[in-house]
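# Tertiary structure, described
Residues per chain, in single letters:
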Amino acid sequence: MPSYKAPLQEYRFLLNDTFNMSQYAALPGFRDAPLDIVDQILDEAGKLAEEVLQPLNAVGDKVGCKLENGVVTTPPGFKEAYKTLVDGGWPSLVADPAYGGQGLPNALGVLFNEMVSSANMAFGMYPGLSHGAYSALLHHGSDDLKQTYLPKLVTGEWTGTMNLTEPQCGTDLGLLRTRAVPQGDGSYKITGTKIFISAGEHDLADNILHLVLARVEGAPAGIKGISLFLVPKFFVKDDGSLGARNGVSCGALEHKMGIHGNATCVLNYDEATGWLVGEREKGMRAMFTMMNEARLGVGLQGLSQSEVALQNAIAYAKDRLQGRSLTGAKAADKPADPIIVHPDVRRMLLNAKSFNEGARALLVWTALHGDLSHASDDAGVRESGDDMMALLTPVVKGYLTDRGFANAIEAQQVYGGHGYIDEQGMGQFVRDARIAMIYEGANGVQALDLVGRKLAANGGRGVFAFFKLIDDFVAQNKDEKIAAFTGPLVAARKDLEAATTWFMENALQNPDNAGAGSTDYMQLFGVTAIAYMWALMAKAALAKLAEGGGDKAYYETKLKTARYYMDRVVPETATHLARVRVGAAPLMAFSEDEF
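Only a predicted model underlies this, so the values are computations on that prediction, with no experimental measurement involved.

The rules behind these values
Residues numbered from 1 in each chain as written. Predicted model: local features only at pLDDT ≥ 70, side-chain atom pairs only at ≥ 80, totals over all residues. Heavy atoms only, no water. Helix = DSSP H or I, 4+ residues; strand = E, 2+ residues; numbered from the N terminus. Rg over C-alpha atoms; globule rule 2.2 N^0.38 Å. Buried < 20%, exposed > 50% of the residue type's maximum accessible area, 1.4 Å probe, protein only. Contact = heavy atoms within 4.5 Å. Areas by Shrake-Rupley, 256 points an atom, 1.4 Å probe, with all protein chains shown as cover. 1 Å grid on protein atoms, 1.4 Å probe; cavity = no way out; pocket = protein on both sides within 12 Å on 5 of 7 lines; lining within 4 Å. Points joined across faces, edges and corners; volume = space filled by probe spheres on them. Nonpolar A, V, L, I, M, F, W, Y, C, P; charged D, E, K, R; others polar. Phe/Tyr/Trp six-rings, centres within 6.5 Å; stacked < 30°, edge-to-face > 60°. Axes fitted to C-alpha atoms, helices over the stretch in contact; angles between N-to-C directions. Parallel < 35°, antiparallel > 145°, perpendicular 65-115°, else oblique. Left-handed = near helix turned anticlockwise from the far one by under 90°. Salt bridge = Lys/Arg side-chain N within 4 Å of Asp/Glu carboxyl O. Polar contact = N/O pair within 3.5 Å; in protein donor to acceptor, adjacent residues only side chain to side chain.

### Remarks on the overall build of the protein
Summing up its helical and strand segments, the protein has 18 helices and 11 strands in all. Computed over the C-alpha atoms, the radius of gyration of the protein is 24 Å, within 12% of the 25 Å expected from 2.2 N^0.38 for a compact globule of 595 residues. Dimensions of the protein along its principal axes, counting C-alpha atoms only, are 80 × 60 × 60 Å. When burial is assessed residue by residue, the protein has 56% of its 595 residues classed as buried. Sequence separation of 24 or more characterises 74% of the internal contacts of the protein that already satisfy a separation of 6 or more. A total of about 24,700 Å² of accessible surface is found on the protein, and carbon and sulfur atoms cover 53% of it.

Below is the structure:
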């Protein structure tokens, strides 16, 4: 059976040594997160993930959710685990104190969510989606809606969903048919069908708050005519208690490749009562608050499945005896050597290890920019935070889930035939990881968003600021010891800038050039961003070694891993650049009949 251990030493290295989170101690949120408190939070979160959630992962996969007479039952143990989560105050970790939250930095929330998702990705989607609903209401809801619904959403006593997709429309939401009819009292009657709604119906919480995209009667066609509505499963009385059932029901559960422990529902709205969130016909603006947060969370899921799959693959590689080392027996007292001696097995393990540690750093770094965009008293820092969050959201979502899935497959490959057997659990990691490349905007759409929108935003301010961050780091770190890390970073940065320039020169005259190269550009950006993270981590590890004391072996291994990434992974940027420069011609030369 698979296992999971929270990588707490990695977390502390990032927060304390790499990003020096204590430098922000005077800012809102950070002042309530001194290092000793953060240590306690990480320790307790690790216990929750390892002892409560991970043992339920295989259960959720095998048993799944059940729908009977309109009632969805989650797998055995999920309800009790969710109560433990709520009783521990975990859903409120990074929420606004004005509504009962603890107000801690999102950089800490990212690490908590990684532990939950690594231990049990399907379970983690229940509170994860609730936080997205919380964010949309917090930023766009009326005072009345916020006072009525946010406190119990913050505690986790109620959960939330996002309802976008319909049978005839997914990415192209301008085609949606769900309609909203104003009632004269400020409410609307919502009628329509939504599909693929994660956590749409379940038995974990007393109420479920659905955020639903719909078109008000008479609104213009297309994306500009869409509004966002809050539709609770149960009405809320004036005293805060629950009243009658609303007109929303679960028509079916989707039968899926993975994440069986999460209820993915068809939801039917039959003149359900809802209330407008944000401005009428400005629903996408409000929903994007939720979607962007969800996309970062999905990128985290790519890392989480890569991490848990790697942990188990390493344990197996150290234990499994098969063949002899090419350079002579390493375990002469045994009938064969453990497979970890073989270079190709190490290649698979180190691909994942170097990705996991770099991707985790990128997630924390991005979350820190998000925190600073709200908490800093410096307008320039706030602007930079907003720019980095906007620029990197599609990269984090797209690249981390692509690589996370690939790493789960390679971890399964380490097991050979045993990886294909259900009892080892590797198949579940692969199946669960697969959805992260699809939902919250398929990765091809993320790549188009990056190239088509994010690069050009504010005259390219975000991407050029990213280049300057790398340039400044390299200029400030000329020491010979770090040259092994800054050299490859500079090469990757040059390839990324060359691809960016190529798009600027060739995409406007032929938009297909942008479409043809967008995925390679996203991959190039992901490799470069993680190379930057590895340079930052290498600097931190070198500094700790120079200080003396501490875990010397840990810092030396960190440097070896950084070198592996720079030598083995970063050269991929040249290939991605070459593909971008080819343009659309080889793709668009075929007629439809030639496929």
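Text resumes after the structure shown.
### A word on the layout of surface pockets
Counted as a void, the second largest pocket has a volume near 560 Å³. Listing elements by their share of the lining of the second largest pocket, those giving two or more residues are helix H1 (8–18), helix H9 (343–375), helix H10 (379–414), helix H13 (461–476) and helix H15 (511–547). Looking at the lining of the second largest pocket, its residues break down into 11 nonpolar, 8 polar and 3 charged.

### Structural notes on the packing of aromatic side chains
One pass over the structure, following the stated rule, counts 21 aromatic pairs. Ring centres 6.0 Å apart and planes at 80 degrees place the aromatic pair tryptophan 365 and tyrosine 532 in the edge-to-face group. With tryptophan 365 in helix H9 and tyrosine 532 in helix H15, the pair connects residues that are 167 residues apart, well separated along the chain. Owing to a relative accessible area of 7%, tryptophan 365 belongs among the buried residues under this scheme. Under the relative-accessibility criterion, tyrosine 532 is labelled buried at 5%.

### A closer look at the packing of H1 against H9
Two numbers describe how H1 lies on H9: the axes approach to 11 Å, and their chain directions differ by 45 degrees. Considered as vectors, H1 and H9 are oriented oblique to each other. The chirality of how H1 crosses H9 is right-handed. Of the residues in H9, those in contact with Glu10, Tyr11, Leu14 and Leu15 of H1 are Glu357, Arg360, Ala361 and Val364. When the residues that make up the contact of H1 with H9 are grouped by side-chain class, the tally is 5 nonpolar, no polar and 3 charged.

### What to know about the pattern of salt bridges
Tallied over the full model, the rule gives 32 salt bridges. Across the pair glutamate 357 and lysine 353 runs a salt bridge whose closest N-O atoms are separated by 2.6 Å. With glutamate 357 and lysine 353 both in helix H9 and 4 residues apart, the pair spans about one turn of that helix. The salt bridge partner of lysine 454 is aspartate 449, with a shortest N-O separation of 3.0 Å. In this pair, the class of lysine 454 matches that of aspartate 449, namely buried. When salt bridges with common partners are traced through the structure, they connect Glu10, Lys353, Glu357 and Lys558 into a single cluster.

### Some words on the side chain of threonine 401
Residue placement: threonine 401 occurs in helix H10. In this structure threonine 401 comes out as buried when scored by relative accessible area, which is 0%. There is a polar contact of 3.1 Å between the side chain of threonine 401 and the backbone oxygen of glycine 398. At a separation of 2.9 Å, a polar atom in the side chain of threonine 401 contacts the side chain of asparagine 443. Setting aside anything within four residues of it in sequence, one finds threonine 401 in contact with Val298, Gly299, Gly302, Val396, Ala436, Met437 and Asn443.

### Looking at the packing of helix H6 (residues 121–140) against helix H7 (residues 143–155)
Contact pair H6 / H7: the axes reach a minimum separation of 10 Å and the direction vectors enclose 155 degrees. By the angle class used here, H6 and H7 are roughly antiparallel. For the pair H6 and H7, the crossing hand works out as left-handed. For the pair H6 and H7, contact is made by Ser130, Ala133, Tyr134, Leu137 and Leu138 and by Lys146, Tyr149, Leu150, Leu153 and Val154, respectively.

### Quick notes on the side chain of threonine 161
In this structure, threonine 161 sits in strand S3 (residues 158–163). For threonine 161, a relative accessible area of 0% puts it in the buried group. Beyond its immediate chain neighbours, meaning those up to four positions away, threonine 161 contacts Ala133, Ile197, Ser198, Ala199, Gly200, Ile208, Leu209, His210, Leu211 and Met290.

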